Amino acid sequence: MSKLHELTAKQIVEKIRDKEITAEECVSSIFERISEVEDKVHAFITLVENEALKKARQIDEKVLKGESLGRLAGVPIAVKDNICTKGIRTTCSSRMLENFVPPYNATVIETAKKEDAIIIGKTNMDSYAMGSTTETSDFGPTYNPWNINYVPGGSSGGSVTAIMAGEATLALGSDTGGSVRCPASFCAAVGIKPTFGLVSRYGLIAYANSLEQIGPITRDVYDCALLLSIIAGHDPRDSTSINVPKKNYTRLLVNNVTNLKIGVPKEFFEEGVNKVVSQTVWDGVKKLVELGALYEETSLPSLEYALPAYYLIAMSEASSNLARYDGIRYGYRIDEEGLNWSETFSKSRRIGFGSEVKRRIILGTFALSAGYYDRYYLKALKVRTIIKREFEEAFKKYDVLIGPTMPTPPFKIGEKIEDPLSLYLCDILTVPINLAGLPAISIPCGFTDDLPIGMQIIGKHLDKSIILRVAYTFERNTDFHKQKPNL
Ligand code: GLN
């Protein structure tokens, strides 16, 4: 039998229900694993072992009494540290929020808890979710579990590392421009960025509201569909939340892609995209064709403008969202006598924010300032509309679009961090999806030098069932998801 920390959520729920294992055994084995590997990977910022064990015992009691159990009964879940957890420190990996303990739960936490999931800790991330490597965390980087000299991707690097290292069974991340899919690709996990508005953002600490979504990160497609079924749904507390009926996505997982139409945009394979990555993802497409799908090459010419448009919009929104950290209401506050309001404000921010966060606030403020607003911000919004339309046109012909998630395999820690532009370029294939508000999933489709490569499957607005079905069919007919990092 697999070790408890290697079980999927589906297996854990079944085994607890059938009294083969207890929730306490499961949580204990996760914490044992954490004590073995956490020093190597640094996936967590905060661990809540006592609370987790207490919750596990409550679930075991429910089992003994024959009470009904939630759909995630006893499943250890790791939560990205920008999702508010009542009574558990939520830092956004920033000094600014180092001691922030939210007085409320994000909606996704409430729904996961209602289903008896067990929160085991809060995971490391790029500070304020700004980054693609988890290196901009004010508390030090996370290391890729496949090779600790490499970045795990970001910004949800801690969440992905935690599940791939066996330190959690499920994880939650957030994706503004790729932050779920990028680390999923770099660590061979499954990660989905849901359609904009499908999952409540209430309690997610905002970076760029018009782009971001909370998404599940798991080791297989079934668990991804399971967690998505739980967190998706209308929430009146998030004004962008869409009012669509709740779905059980696990029921839609069928091993069949016959006659499904795949579009392969040539822009996803152009210069800047590593040859091995291109080849591996093409092999993935061909595998789906072997399984009965049809494919055609296509073109989305405006994708070329997606990256600048994304960074303009994201930074502009960030500059306004992060204005609330004034050192007065909450967050870090400089402890010095005799400072006036303005000095308190600027000194607290100077110390509380890391350099990447400051860079983005400055650039975003510039893009929104009088005289430049039309030239930059407004133009970026227009580009966004064109990109959206281009995707809409493409989806008249195809059921899904497929390309690489990331243009390269994981790279070494420290390799790009001093060069922000080269880091921004890593997001070239993920940000168009956020601009268009579409759903996309990253699944493992190969390895190069023992480092993972991810394939991105993009769907129509609200059409999660097809991307999950394609991902599921690929997974059922390949072995990439069965490989485990050797830690
Ligand atoms: N790497 C992108 C950025 O830094 C995306 C981050 C994210 O999705 N949170 O903006």
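Residues numbered from 1 in each chain as written. Predicted model: local features only at pLDDT ≥ 70, side-chain atom pairs only at ≥ 80, totals over all residues. Heavy atoms only, no water.

1. Some remarks on the sheet that holds strand 5 (residues 190–193)
Move 1: Strand order in this open sheet of 11 strands is 1-3-2-4-6-5-10-11-9-7-8, and the pairing throughout is mixed. The outermost strands of the open sheet, each flanked by one partner alone, are strand 1 (44–47) and strand 8 (294–298). The average angle at which neighbouring strand axes cross in this sheet is 30 degrees, direction not considered.
Move 2: Direction of pairing for strand 2 (residues 76–80) relative to strand 4 (residues 170–175): parallel, over a ladder of 3 bridges. Within strand 4, the position partnered with Val79 by the bridge is Leu172. (Pairing = 2+ DSSP bridges. Helix = DSSP H or I, 4+ residues; strand = E, 2+ residues; numbered from the N terminus. Axes fitted to C-alpha atoms, helices over the stretch in contact; angles between N-to-C directions.)

2. Observations regarding the packing of helix 9 (residues 306–321) against helix 11 (residues 355–368)
Move 1: Close contact between helix 9 and helix 11 brings their axes to 7 Å; oriented N to C, the two are set at 100 degrees. Our classification of the angle between helix 9 and helix 11 gives roughly perpendicular. Counted together, Tyr311, Leu312, Met315, Ser316 and Ser319 of helix 9 and Arg360, Ile361, Leu363, Gly364, Thr365, Ala367 and Leu368 of helix 11 form the full contact between these two elements.
Move 2: Residue composition of the contact of helix 9 with helix 11, by class: 7 nonpolar, 4 polar and 1 charged. (Parallel < 35°, antiparallel > 145°, perpendicular 65-115°, else oblique. Contact = heavy atoms within 4.5 Å. Nonpolar A, V, L, I, M, F, W, Y, C, P; charged D, E, K, R; others polar.)

3. Re the nonpolar core
Move 1: Within the largest apolar cluster, 148 residues are counted, with the highest numbers of intra-cluster contacts made by Tyr128, Phe391, Ile402, Ile441 and Ile457.
Move 2: By residue number, the principal contributor to this core is helix 9, which donates 9 residues.
Move 3: In contact with Phe391, other than residues within four places in its own chain, are Leu300, Leu303, Leu401, Pro432, Ile433, Ala436 and Leu438.
Move 4: Core analysis: the next-biggest nonpolar cluster, separate from the first, contains 7 residues, Val151, Cys182, Phe186 and Cys426 among them. (Core = buried A, V, L, I, M, F, W, Y, C linked by side-chain atoms within 4.5 Å. Buried < 20%, exposed > 50% of the residue type's maximum accessible area, 1.4 Å probe, protein only.)

4. Looking at the site of the ligand
Move 1: Close to the ligand lie 15 residues, the nearest being Thr176, Gly177, Ser179, Tyr207 and Tyr310.
Move 2: Contacts to the ligand include Tyr310, whose side-chain N or O atom sits 2.6 Å from an oxygen atom.
Move 3: The side chain of Arg360 places a nitrogen or oxygen atom 2.9 Å from an oxygen atom of the ligand.
Move 4: Contact with the protein chains covers 99% of the free accessible surface of the ligand, which is 290 Å². (Near = heavy atom within 4 Å. Polar contact = N/O pair within 3.5 Å; in protein donor to acceptor, adjacent residues only side chain to side chain. Areas by Shrake-Rupley, 256 points an atom, 1.4 Å probe, with all protein chains shown as cover.)

5. Focus: the packing of aromatic side chains
Move 1: Applying the stated rule across the entire model yields 19 aromatic pairs.
Move 2: It is Lys416 that lies over the ring of Phe411; its NZ or CZ is 4.6 Å from the centre. (Phe/Tyr/Trp six-rings, centres within 6.5 Å; stacked < 30°, edge-to-face > 60°. Lys NZ or Arg CZ within 6 Å of the ring centre and 35° of its normal.)

6. Digging into helix 10 (residues 341–352)
Move 1: The end-to-end C-alpha distance of helix 10 is 16 Å, a good match for the 16 Å that 12 residues give at a rise of 1.5 Å each.
Move 2: Buried within helix 10 are the following residues: Thr344, Ser348, Arg349 and Gly352. Along the axis of helix 10, the buried positions cluster into a sector of 115 degrees, meaning they face one direction only.
Move 3: Summarising the contacts, the buried residues of helix 10 are in contact with helix 11.
Move 4: The N-cap of helix 10, judged by a side-chain oxygen 3.1 Å from the amide nitrogen of Ser342 a few residues on, is Asn340. (Expected span 1.5 Å × (residues − 1). Arc of directions from axis to C-beta.)

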